[in-house]
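One-letter residues, chain by chain:
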Amino acid sequence: MDYSLPYFLRNFTSNKEFILPDIIQLLPDNIANQIAAGEVIQRPASAVKELLENAVDAGANEIKLIVNDAGKALIQVIDNGKGMSDTDARMCFERHATSKIKNIEDLFHIKTMGFRGEALASIAAVAQVELKSKKEDESIGTYIEIDNSVVKKQEPVAMERGTSIAMKNLFFNVPARRNFLKSNPSELRHIMDEFIRVSMSFPDIFFSLTSNGQEVFHLERATLKQRIVQILGNSYQSKLVTVEEQTDYMNIYGFVGKPETAKKTRGDQYFFVNNRFIKSAYLNHAVMGAFDSMIAKDSFPMYTLFIDLDPAQLDINVHPTKQEIKFEDEKIVYAFVQSAVKHALAQFSISPTLDFELDPSIQQLDAVSKPFTDEKKSSVASSSLYNTFSQKNQAHFIENKSELKHWREFYEPAQKQSSEFSSSTTIEDLPNPLFPEKNIEVSDESPLQQIHSTYILVQNDMGFLVIHQQNAHERILYERFIKAVEGKPIAIQQSLFPQTIELASADVAVLTELLPDLHFLGYHLEPFGNNTFVMQGTPADVEQGNEKAAIEKMLEQYKHFSSDLKYSKREKLIRSLAWQQSIKAGKILTQKEMKSIVQELFICDTPNITATGKPTYTTFKKLELDRMFGR
Ligand code: ADP
Ligand code: MG
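Quick notes on the rules
- Residues numbered from 1 in each chain as written.
- Chains lettered and ligands numbered in written order.
- Predicted model: local features only at pLDDT ≥ 70, side-chain atom pairs only at ≥ 80, totals over all residues.
- Heavy atoms only, no water.
- pLDDT = per-residue confidence, 0-100.
- Contact = heavy atoms within 4.5 Å.
- Salt bridge = Lys/Arg side-chain N within 4 Å of Asp/Glu carboxyl O.
- Helix = DSSP H or I, 4+ residues; strand = E, 2+ residues; numbered from the N terminus.
- Buried < 20%, exposed > 50% of the residue type's maximum accessible area, 1.4 Å probe, protein only.
- Near = heavy atom within 4 Å.
- Polar contact = N/O pair within 3.5 Å; in protein donor to acceptor, adjacent residues only side chain to side chain.
- Areas by Shrake-Rupley, 256 points an atom, 1.4 Å probe, with all protein chains shown as cover.
- Nonpolar A, V, L, I, M, F, W, Y, C, P; charged D, E, K, R; others polar.
- Axes fitted to C-alpha atoms, helices over the stretch in contact; angles between N-to-C directions.
- Parallel < 35°, antiparallel > 145°, perpendicular 65-115°, else oblique.
- Left-handed = near helix turned anticlockwise from the far one by under 90°.
- Pairing = 2+ DSSP bridges.
- Core = buried A, V, L, I, M, F, W, Y, C linked by side-chain atoms within 4.5 Å.
- Domains from an automatic or database assignment.

*Asks:* Quick question: what am I supposed to make of the confidence of the model for the protein chain here?
*Replies:* Keep in mind that low pLDDT regions are not for reading the predicted coordinates in detail. Mean pLDDT over the protein chain stands at 77; residues scoring 70 or higher make up 76%. Within the model, pLDDT remains below 50 along residues 9-14, and this stretch shows 10 contacts once partners closer than five positions in the same chain are excluded. In the model, residues 350-439 has pLDDT below 50 throughout and makes 137 contacts with residues more than four positions away in sequence or in other chains.

What follows is the structure, encoded as structure tokens:
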């Protein structure tokens, strides 16, 4: 060979009869499958997702997931679904083998979970698979063993209706991928995420997850609300607010956690579109917006929301592993989700004195932590726990206030017989107090009552409200100030004899920063040199005379907030001012003052809670009062 020639010419000179070789060849099936498999099965969790979805599609109402070594050694899904014939059992591992679509149109109307006929083929390409399956109407099932996409064995097997697929030693034949897997805890976390997403969206299916022989999840069939508590924990019991709106265009339903359950870490947030888990920063933003001032800025509310809409309104990304989605009209969906959540939040009120908590020792009991099946019901009926329930009807609760011993009857819907057994799961279904008090009318005929110089009693058709005057006024001022800095400045009255305020040097810097916002809020201050400011104007509706003290107190409160880095300067200023200017508890109010608090409170966007999360009022329903007195 003439090495002086360029590479591409060498062959021509060294071999006169040189024929340009055909260089394209078909990859052997198993390699092609391995490559394609990489797209569908990236890690144990992706296989888990596919297998669980297949089991759901097969109509199972009981699905068990078993993993060993975070799925690296074994992933097995056992279902009691419709099963497969022995031909189908062999066929299902072929690429593009699917019973779910017949033509391209079907792709756009697909209701089932997986839809490309790729999952099992991919799994068979990268693991050793054992499948057992039996259809209802067949007397015997079929057992298949596959290695490297090749059927090694098929034989009859005795079993119940359903399917079990076990995949062992994932990526045993693709070491590069196997090495790429993360630590067991990390892979197991991914598996649990997938497990939760599927089990959350099918609460009427029993699911369990066993990892290295230990049952991690055991989720009896339940309502969605119960399923959320099963998965996310009892701390959400009685802390979930129902979201439900229906329109011709789309429906939304599900639950959001009450503001006090918001956490410092994102986590308990789930969106499902047409029952499929999706990630959407956009929709997440819509929900966060609905919580707005009800939770701290850096905290995350819990939500599990299901959106159903015509698949034609979705830009379907048919790739099964994609969790992203695009809506034809994003803005409508955004506005809809946000207003649905806002509406839901507006309809509940936190009633701390009526709140209850499960005794932790009782929460652990299966009867309480797991939902009720009929057979369980009968076995529990004979236990002493049942007797405590049925006799006292509230034995497993700790009341916060002794005078509210009968809170339970207080909430219980009137038609419910007290002798009827109610498991803990019905407690969370107690009616959420609904608050139509936005339409409250304060008439001159029925004067308002103030008690303990702190609470205002307001009667309405349904019962009465108890309003905390300071909390309510803080809310009113807070919203007024927010509107002011957002461009609806508060009227200023010019001071006839401008006062000067002298501050410590450290405070001068603080106040200087706040001057523009303060101006919007009705305080017109100008620097006058030597740590001095002149007060040129004050809010029109604030009494004149104490402006100086007001500013000083406000600064004091502001500095108190200052360590709280999560709020903007403006937010801190507004909170400080709202607190500083609010009517305090302990002040005797005139009819006129009470009336204006009540009226202004209920035109607030978020009337039920202060900016810092304290309730502003609580409601007592006449119906419930009557029941308390045996009427
Ligand atoms: P796809 O779900 O997209 O159809 P898969 O590769 O996941 O593709 O499954 C192929 C086919 O195998 C399915 O269409 C279904 O007919 C059958 N199948 C898979 N898993 C099960 C199961 N657990 N029970 C019954 N049939 C199943
Ligand atoms: Mg599938």
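*Asks:* What is the right way to read the pattern of salt bridges from this model?
*Replies:* Note on pairing: side chains with opposite charge can pair once their charged atoms come close. Throughout the structure, instances matching the rule amount to 20 salt bridges. The salt bridge involving Glu62 is made with Lys64; its shortest N-O contact spans 3.7 Å. One salt bridge in this structure joins Arg189 and Asp193, with 2.9 Å as the shortest N-O distance. Note that Arg189 and Asp193 are positioned in helix H7 (residues 184-201) at a spacing of four residues, about one turn of the helix. Overall, the relative accessible area of 23% leaves Asp193 in the partly exposed class. Each member of the salt-bridge network shares a partner with another, and the members are Asp507, Glu556 and Lys559.

*Asks:* It is not clear to me how the site of ligand 1 should be interpreted in this structure. Could you clarify?
*Replies:* Taken together, 18 residues surround ligand 1, and among them Asn54, Thr98, Ser99, Lys100 and Gly117 come closest. In this structure, Thr163 approaches ligand 1 through a side-chain N or O atom, which is 3.3 Å from a nitrogen atom. When the free accessible area of ligand 1 is taken as 530 Å², the share hidden by the protein chains comes to 93%. In the shell around ligand 1, the residues fall into seven nonpolar, seven polar and four charged.

*Asks:* What's the story with the packing of helix H17 (residues 469-485) against helix H20 (residues 569-581) in this structure? I'm lost.
*Replies:* Packed helices, taken two at a time, are described by their axes: the angle between them and the distance between them. Direction vectors running N to C along H17 and H20 enclose 140 degrees, while the axes themselves pass 8 Å from each other. As far as their axial angle goes, H20 and H17 are oblique. Where H17 crosses over H20, the handedness of that crossing is right-handed. Across the interface between the two elements, Gln470, His473, Glu474, Leu477, Tyr478, Phe481, Ile482 and Val485 of H17 pack against Arg570, Glu571, Ile574, Arg575, Leu577, Ala578, Trp579 and Gln581 of H20. Of the residues belonging to the contact of H17 with H20, the class tally is nine nonpolar, three polar and four charged.

*Asks:* Explain the sheet that holds strand E10 (residues 250-257) to me, please; I cannot follow it from the model alone.
*Replies:* The strands that make up a sheet pair up through hydrogen bonds in the backbone, lying either parallel or antiparallel. Strand order in the open sheet made by the five strands is E9-E10-E13-E11-E12, with mixed pairing throughout. Of all the strands in the sheet, the pair left with one neighbour each is strand E9 (240-246) and strand E12 (276-278). In this sheet, neighbouring strand axes are inclined to one another by 20 degrees on average, regardless of whether the strands run parallel or antiparallel. Relative to strand E13 (residues 303-309), strand E11 (residues 269-273) runs parallel, the two sharing five bridges. Each bridged residue has a counterpart across the sheet, and for Val273 the counterpart in E13 is Ile307. In this fold helix H8 (residues 224-232) packs onto E9, E10, E11 and E13, with an angle of close to 40 degrees to the strand it touches most, E10.

*Asks:* Quick question: what am I supposed to make of the nonpolar core here?
*Replies:* A general tendency of soluble globular proteins is for nonpolar side chains to be buried together. By size, the foremost hydrophobic cluster in this structure holds 61 residues, and its most contacted members are Leu52, Ile63, Leu65, Met167 and Phe207. The element that contributes the greatest number of residues to this core is helix H3 (residues 44-57), accounting for seven residues. Both domains that meet at this core, namely domain 1 (29-217) and domain 2 (224-347), each give it at least three residues. Setting aside anything within four residues of it in sequence, one finds Met167 in contact with Ala47, Leu51, Ala73, Leu74, Ile75, Ile123, Ala127, Gln128 and Val129. Leu305, Ile307, Val337 and Leu345 belong to the second largest nonpolar core, which has 30 residues in total.

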